[in-house]
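# Geometric and topological summary
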Amino acid sequence: MKIGFNIKLGFIAGIVNCIAWYAVAKQLGFYSIEVYVIRNFITLGLLITGIIISIYMAKKNNNGFLEFKDALKTGMIYSLIIAFILSIFNYLYYTFITPDTIEYFLSEAKNAAIAHHLKETEIQKFLTEERSNFSSYKLMPPILFFGLIISLLAGAFFQKKEPHTFSAN
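Here's a quick rundown of the structure. Keep in mind it's a predicted model, so treat the numbers as computed, not measured.

Moving on, we come to a nonpolar patch on the surface. A contiguous nonpolar surface patch, about 740 Å² in accessible area, is contributed by Leu44, Ile48, Ile52, Phe145, Phe146, Leu148, Ile149, Leu152 and Leu153. If one sorts the elements of the nonpolar patch by residue count, helix H6 (residues 140-158) sits on top with six residues. By the secondary structure assignment, Leu153 is in helix H6. A relative accessible area of 59% means that Leu153 is categorised as exposed.

Structure representation (structure tokens):
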């Protein structure tokens, strides 16, 4: 079975994203909020370029023709691969690389809440909700959502149906 170009590109982009995330975190500090902003920009950039390249290559491999549904499928498979790889790295990052990151940010949030004179019950409720909301797969929905939007736009742009040929029969 031949692995599609979009799958290979998704794996490469996922690995590049993980390496970039780690390098930025190492450079700026693992507990810097800017790391997450930069990671999001890198992810968005890789999504846009990867989906466009994947759909373009699918069209090129099909002799210049590509139906909208095939373009959408190509982009979404790419998005799914990159989202899955980032989810795995997210788990590894918070489990082995910086296991106390969540507690650090929750502690910072608690200190900010205390500075704003919030009630202790409100603070505890907020911290409990935030801790329960954390998941390694939290990155998947936004990546898949933006992947869908980009795939729809790129699919609309690159689609070209084959001309119908009629037989004399």
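Now that the structure is up, let's keep going.
A separate point is the environment of Ile19. As for its placement among the helices and strands, Ile19 is situated in helix H1 (residues 5-28). The sequence separation of Ile19 and Phe89 amounts to 70 residues, and the corresponding C-alpha distance is 9.7 Å.

With that settled, consider unusual backbone geometry. It is generally the case that most residues other than glycine have a negative phi and that most peptide bonds are trans. Its identity as a non-glycine residue notwithstanding, Asn63 has a phi of 60°, on the positive side. Of note, Asn63 is situated in the loop between helix H2 (34-61) and helix H3 (68-97). Since its relative accessible area comes to 67%, Asn63 is described here as exposed.

Once that is clear, we can look at helix H4 (residues 101-115). The end-to-end C-alpha distance of H4, which contains 15 residues, comes to 21 Å, matching closely the 21 Å that a straight helix rising 1.5 Å per residue would cover. Among the residues of H4, Thr101, Leu106 and Ala113 are the ones counted as buried. Around the axis of H4, the buried residues are gathered within 130° of arc, so they sit on the same side.

A word on the packing of H1 against H2. One way to put it is that H1 packs onto H2 with a least axis distance of 10 Å and a crossing angle of 165°. One element, H1, and the other, H2, form an angle in the roughly antiparallel class. Relative to H2, the crossing made by H1 is right-handed. Across the interface between the two elements, Phe5, Asn6, Leu9, Ala13, Val16, Asn17, Ala20, Trp21, Val24, Ala25 and Leu28 from H1 touch Glu34, Val35, Tyr36, Ile38, Arg39, Ile42, Thr43, Leu46, Gly50, Ile53, Ser54 and Met57 from H2. Here the residues of the contact of H1 with H2 are counted per class, giving 16 nonpolar, five polar and two charged.

Taken as a whole and judged by the stated rule, the model has eleven aromatic pairs. Consider the rings of Tyr22 and Phe30, whose centres lie 5.9 Å apart with planes at 50°: the pair is tilted. Judged by its relative accessible area of 33%, Tyr22 falls in the partly exposed class. Its guanidinium or amino end placed over the ring of Trp21, Arg39 lies 4.7 Å from that ring's centre, counting from NZ or CZ.

Further remarks concern the environment of Leu148. Here Leu148 shows up in helix H6. Separated by 97 residues in sequence, Leu148 and Ile51 place their C-alpha atoms 9.7 Å apart.

Cut-offs and rules
- Residues numbered from 1 in each chain as written.
- Predicted model: local features only at pLDDT ≥ 70, side-chain atom pairs only at ≥ 80, totals over all residues.
- Heavy atoms only, no water.
- Patch = residues over 30% accessible without salt bridge, like charges linked within 9 Å, V, L, I, M, F, W, Y side chains within 5 Å.
- Areas by Shrake-Rupley, 256 points an atom, 1.4 Å probe, with all protein chains shown as cover.
- Salt bridge = Lys/Arg side-chain N within 4 Å of Asp/Glu carboxyl O.
- Helix = DSSP H or I, 4+ residues; strand = E, 2+ residues; numbered from the N terminus.
- Buried < 20%, exposed > 50% of the residue type's maximum accessible area, 1.4 Å probe, protein only.
- Expected span 1.5 Å × (residues − 1).
- Arc of directions from axis to C-beta.
- Axes fitted to C-alpha atoms, helices over the stretch in contact; angles between N-to-C directions.
- Parallel < 35°, antiparallel > 145°, perpendicular 65-115°, else oblique.
- Left-handed = near helix turned anticlockwise from the far one by under 90°.
- Contact = heavy atoms within 4.5 Å.
- Nonpolar A, V, L, I, M, F, W, Y, C, P; charged D, E, K, R; others polar.
- Phe/Tyr/Trp six-rings, centres within 6.5 Å; stacked < 30°, edge-to-face > 60°.
- Lys NZ or Arg CZ within 6 Å of the ring centre and 35° of its normal.

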